[in-house]
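# Remarks on the overall topology
Single-letter residue listing:
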Amino acid sequence: MPANAILALNRLRAFWWFLLLPVLALLSSCAQSGPKPAYRIGFSQCSTAGPWRQAMLAGMQRELSFHPDVQLHMLNAHDNSQVQQQQIRELLRTGIDLLVVSPYEAGPVTPAVEEAYRQGIPVVLLDRRTASRQYTAYVGGDNLEVGQTAARYAARLLNQHGTIIEILGTPGSSATSERHQGFAQSLTAFPGLKVVSQVNGDWTEKPLPGLAAALKAHPEVDLIFAHNDGMGRGAAEVCRQLGLEKKIKIIGVDGLAGPNEGLDLVQRGVLTASVLYSPGGEDAIRTALSILNKQPYKHENTLGTIVIDSTNVRTMQQQTDKMVTQQQDIERQQSLLQRLQATYASQQTILYGLLATLLGATVLGMVAWNSARKNRLINQQLALQNAENDKINRQLVSQNEEIRLQRNQLEALAEQARADTEAKLRFFTNFSHELRTPLTLILGPVEELLTSSPDLSPTQRQDLALVRRNTQRLLQLVNQLLDFRKIEVGKMSVRATEGNLVVFVREIVDAFEKPAHLRGVNLRFLAAEPVLNAWFDGNILDKVFFNLLSNALKFTPDQGQITISLQPGDNQTLRVSVADTGRGISDQDRAHIFEWFYQGDQGAVAKGSGMGLALAQGLVRLHQGQLTFSSQPGQGSTFVVTLPRELPQELRSIEPAAPTLLTLDEPEAIPTDFGPDADSVTTDSGSETLVLVIEDNSEVNNFLARMLRQDFRVQTATDGHSGFRMATDLIPDLIVCDVMMPGLSGLEVVTQLRADWRTSHIPVVLLTARNAPEQQVQGVQAGADLYLTKPFNPTFLLESVRTLLANRARQREHFRRELSVDSATVAPSNADQKFLNELTAIVEANLTKTDLSVEDIARGLGISRMQLYRKMKAVLGTGVTDFIQGLRLTKARELLLKESLSIAEVAYELGFSSPSYFSTSFKTRYQISPSEFRSLHIAPQH
């Protein structure tokens, strides 16, 4: 081969090698660099069931979408701690770079987590903790704070007064125990809130039969706290089935987005509120990547929580929708970026092939220019998306500022309400102070008259004793109001001295011996030891024990029993219990029995002020003691005061406090001077008019009876049921009735009297302390003839009774005139005329009977002979026999006009024993004989 050719061939080979060397170097560098090292994260999830766990996993996937070089290997333990322990060890064997654990139970999985930590593998605890501190980081919400937040919101929602049912999560779950603990701790700051029942759930919306039973047992429930929104949704369904959806408020936990989740349920009004409990998936992945990339991270990452209710749910929903939209945009951008990257990789491969085959620098430049152009397009799209994100962020900042302003307005309104309440209490206290002076000026002269005026008559002395007793009771109520205010502002102080509590309690019990004996109540005092020394303030405890004993005597029926026992307790305490055999406390009243001014539906308790038990509890707490009670309806109640034997030095006093004089809430019976026959129908007044007094207050009852007995006969009843029975049995001429009575109220008594034709004619005078115009209208609408408010003028009452009786006499005359016309029937325009129609029908159906008696007619009407007699006297002012005779003679006038009947036949047709008796009766009634009547009214025939 020629040298030139060889030289040309070598040059050509050198040229090719010159072109190939850069390409081979580039391909070699690309092959050596390869992808970045990938991290492998193992995730042990206690369960993937439920929307909250799904939201946690979705958050982790969202965060991982920004890190395609990180792999997540998740194992589901299905809420089984043993399975989760095995799965953690399985993840460790597969070789992971970091372990994320969401424990089901803290204790069982702790050994496996500690094993991973000792092997040098970082451990991130998500949502729940283990029983050990050997972990790298913790990410999750504070379940204790969730419970506390729910309790504070419930207190604000119910104005710190109400009853609550708590629906717990799965038993054994740490979230269940911590949320319950936080809820219970915060409720201690609100004594007016009571958890009356707890129902177990399982974090799902399964039926809650236990909740239905609890709601039926506690119809007074105001709020339900469910440990998650799913159980809250189930609770809402139970309330809907029971018809309580509008009465009961429901608070859930989680506040997730999506259909039938927390935000949607609050927005639709199914839940009142939901406490946000963030799943924390994104935060867990961010913390894990910071640990793997050797970047700074926080050891404890506690996620915050807020209450989502009607005030902010729309904002939260809008924020969530925006986040979902942004996430979708990001996912679309990532998909576009992946397609672009795939296109770029394909073009790069083609470029490398072209470089390997064509070795052209031009092609490499074109590919590089094309790639740069596409990168610029992507950067422009990202810039537009960043601008949109900035706009959304500005909107969120504006919304947060609006929420902050609304919160400040609410705080200002709350502060104004507190100031207004304080001003009202201040006025209330000053007014109570002003009452003490006139009460003292009333009580002083009365005491002087009773002690220094021997010439008083028994009636005057009795009236003065009544004034003194009620003045003392009013003064005691004023003192209780002042004590209440002192406790509220913290001005009530304890001045304890050391003494024998047995002697102290016995002296108080002795004060109740006489009123208990008058009612036949057996008062027993039992002390475990004759001497039980303790530090106590007598001025405080005597108010407590007087209230408890007064209530026990008030609710214990005659011939009942009250037992006061005193014995040592645990931890250097003394227990004083007061047990009675009364009616007990209803389930409805138990949750409110210690609330200020609460008056339950307990019959005679309506006469109280609603301060006694609340004041007693406040004084016992001030004395560092505890007042509790137990009760069974129909069998009685027991109140227990637990007191410490020792008190702090700052509560002790060397000098004993001056004793406080208290009067019994249940006054002693006032002796009457009416004699043993005072309540009988026959009195010395000489009047036949019978007045029935229905009044549950014994003193007012005695006063009314004594006042009315001067002119009328009087019978008395102490409650509505017995008063109505006496009215139907005695058929009185007039009734004086109180409105507020246990059992059957005065309005109900009037309604029943007007509905019964036996008593429909009786005038009724209602006495009440309620003087509002609408209440007076209500009394008149019920059928009362007169509505008098207490205190009433006795003279006015007496004159009103006389006027009503006179009006009744004129009404009787009206009925007699109607019955004297030719027609023997009267149009039924009221209950009395209906009675006359029925009476007339029975008599007319039996006119032919010569032996027709009053008993036969009473039997036909379904009443007694005495009831019929009194009804006739009240309506017509005549007897039953006279009515029958008058009806027969009226009918005789009709029959005498028929010429086909002889006078004898008319007599026998109308039940007269003989024609002569008929003629005599007819002439006595009409001053004309039957034959003369016929001749005058029948024209002679020619």
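Parameters and conventions
Residues numbered from 1 in each chain as written. Predicted model: local features only at pLDDT ≥ 70, side-chain atom pairs only at ≥ 80, totals over all residues. Heavy atoms only, no water. Phe/Tyr/Trp six-rings, centres within 6.5 Å; stacked < 30°, edge-to-face > 60°. Helix = DSSP H or I, 4+ residues; strand = E, 2+ residues; numbered from the N terminus. Buried < 20%, exposed > 50% of the residue type's maximum accessible area, 1.4 Å probe, protein only. Lys NZ or Arg CZ within 6 Å of the ring centre and 35° of its normal. Axes fitted to C-alpha atoms, helices over the stretch in contact; angles between N-to-C directions. Parallel < 35°, antiparallel > 145°, perpendicular 65-115°, else oblique. Left-handed = near helix turned anticlockwise from the far one by under 90°. Contact = heavy atoms within 4.5 Å. Nonpolar A, V, L, I, M, F, W, Y, C, P; charged D, E, K, R; others polar. Pairing = 2+ DSSP bridges. Core = buried A, V, L, I, M, F, W, Y, C linked by side-chain atoms within 4.5 Å. Polar contact = N/O pair within 3.5 Å; in protein donor to acceptor, adjacent residues only side chain to side chain. pLDDT = per-residue confidence, 0-100. Salt bridge = Lys/Arg side-chain N within 4 Å of Asp/Glu carboxyl O.

Further remarks concern the packing of aromatic side chains. A complete count under the given rule lists 6 aromatic pairs for this structure. On the numbers, 5.2 Å between centres and 50° between planes, the contact of F504 with F536 is tilted. Of this pair, F504 sits in helix α14 (residues 501–510) while F536 sits in strand β15 (residues 533–536), and the two are 32 residues apart along the sequence. Neither F504 nor F536 differs from the other in exposure class; each is buried. With a centroid separation of 5.6 Å and 25° between ring planes, the pair formed by F629 and F639 is classed as stacked. Taken as a pair, F629 in strand β18 (residues 626–632) and F639 in strand β19 (residues 636–644) lie far apart in primary sequence, 10 residues in all. Residue F629 is classed as partly exposed on the basis of its relative accessible area of 23%. F639 gets classed as buried once you look at its relative accessible area, which sits at 10%. Taken together, the ring pairs in this structure connect F504, F536 and F545 into an aromatic cluster. Sitting over the ring of Y138, R129 keeps its end group 3.8 Å from the ring centre. The ring of Y277 has R179 sitting right over it, with the charged end atom 4.5 Å from the ring centre.

Running from N to C, helix α7 (residues 209–217) and helix α8 (residues 229–242) cross one another at 50°; their axes reach a closest spacing of 10 Å. As judged from the angle between their axes, α7 and α8 are oblique. Of the two elements, α7 crosses α8, and the hand of that crossing is right-handed. Mapping the contact onto sequence places L211, A212, L215 and K216 in α7 and A235, V238, C239 and L242 in α8. Here the contact of α7 with α8 is composed, by residue class, of 7 nonpolar, no polar and 1 charged.

This part covers the sheet that holds strand β20 (residues 690–694). One open sheet holds the 5 strands; their spatial order is β21-β20-β22-β23-β24, and the pairing between them is parallel. Either end of the sheet is taken by a strand with one partner, and the two such strands are β21 (713–717) and β24 (786–789). Strand-to-strand twist in this sheet, taken as the mean axis angle between neighbours without regard to direction, amounts to 20°. By the bridge criterion, 4 bridges tie strand β23 (residues 764–768) to β24 in an arrangement that is parallel. From the neighbouring strand, L767 faces β24, where its bridge partner is L788. Helix α19 (residues 698–708) contacts β20, β21, β22 (734–738) and β23 of the sheet and is inclined by roughly 170° relative to β21.

Grouped together as the largest cluster of nonpolar side chains are 47 residues, with contacts concentrated most on L501, V505, F545, L548, I562 and I564. Elements with a contribution of two residues or more to this core: α14, β14 (522–527), β15, α16 (538–555), β16 (561–568), β17 (573–580), α18 (612–622) and β19. The dominant element in this core, judged by the number of residues it contributes, is α16, at 9 residues. Sequence-distant contacts of L501, defined by excluding residues within four places in its chain, comprise L532, F536, L541, L566, L574, V576 and L643. Among the nonpolar cores identified, the runner-up in size contains 41 residues, and V146, L158, F225 and V253 belong to it.

A separate point is the side chain of T563. Secondary-structure assignment places T563 in strand β16. If near-sequence neighbours (up to four positions away) are discounted, T563 is found in contact with R524, L526, S577, V578 and A579.

Our next topic: the pairing of β16. In this sheet, β16 lies alongside β14 in parallel orientation, the contact comprising 6 bridges. Of the residues in β16, the one forming a bridge with N522 is Q561. The pairing of β16 with β17 spans 7 bridges and is antiparallel. When the bridges of β17 are listed, P568 appears paired with L574.

Within the element layout of this structure, R233 appears in helix α8. Only 2.4 Å separates the side chain of R233 from the backbone oxygen of N260, close enough to count as a polar contact. Apart from the residues lying within four places of it in its own chain, the contact partners of R233 are E205, N260, E261, L265 and L271.

It is worth spelling out α18 at this point. Within α18, 9 of the 11 residues are buried, which leaves the element mostly enclosed by the surrounding structure. The set of residues buried in α18 consists of G612, L613, A614, L615, A616, Q617, G618, L619 and V620. Looking at the residues trailing α18, positive phi occurs at Q624, about 60°.

Summarising the model, the protein shows a mean pLDDT of 80, and 82% of its residues fall at 70 or more. Segment residues 28–35: pLDDT under 50, and 1 contact once partners within four positions in sequence are set aside and those in other chains are kept.

So, on to the sheet that holds strand β7 (residues 193–200). Strand order in the open sheet formed by 6 strands is β7-β6-β8-β9-β10-β12, with mixed pairing between adjacent strands. Two strands lie at the open edges of the sheet, namely β7 and β12 (307–309), each paired on one side alone. Strand-to-strand twist in this sheet, taken as the mean axis angle between neighbours without regard to direction, amounts to 20°. Each of β6 (162–168), β7, β8 (223–226) and β9 (249–254) touches helix α6 (residues 174–187); the most contacted strand, β6, lies at about 170° to it. Across the sheet, α8 is in contact with β6, β8, β9 and β10 (273–276); its angle to β9 comes to roughly 160°.

Now for α19. Within α19, the full set of buried residues consists of E699, N701, L704, A705, R706, M707 and L708. Here α19 starts with a cap whose side-chain oxygen sits 3.0 Å from the backbone nitrogen of E699, and that cap is N697.

What follows deals with the pattern of salt bridges. In total, this model carries 18 salt bridges according to the counting rule given. The partner of R89 in a salt bridge is E115, and the shortest N-O contact between them spans 3.0 Å. Highlighted residues: R89 in helix α3 (residues 81–94) and E115 in helix α4 (residues 106–118), separated in sequence by 26 residues. Classification of R89 by relative accessible area gives partly exposed; the value is 27%. Linking R240 and E237 is a salt bridge whose minimum nitrogen-to-oxygen distance equals 2.5 Å.

As a packed pair, helix α5 (residues 143–157) and α6 sit with axes 7 Å apart at the nearest point and diverge in direction by 40°. Viewed along their axes, α5 and α6 adopt a mutual orientation that is oblique. Relative to α6, α5 is oriented so that their crossing is right-handed. Here N143, L144, V146, G147, Q148, A150, A151 and R152 of α5 lie close against α6, whose contacting residues are A175, E178, R179, Q181, G182, F183, Q185, S186 and L187. Taken together, the residues that form the contact of α5 with α6 break down as 7 nonpolar, 7 polar and 3 charged.

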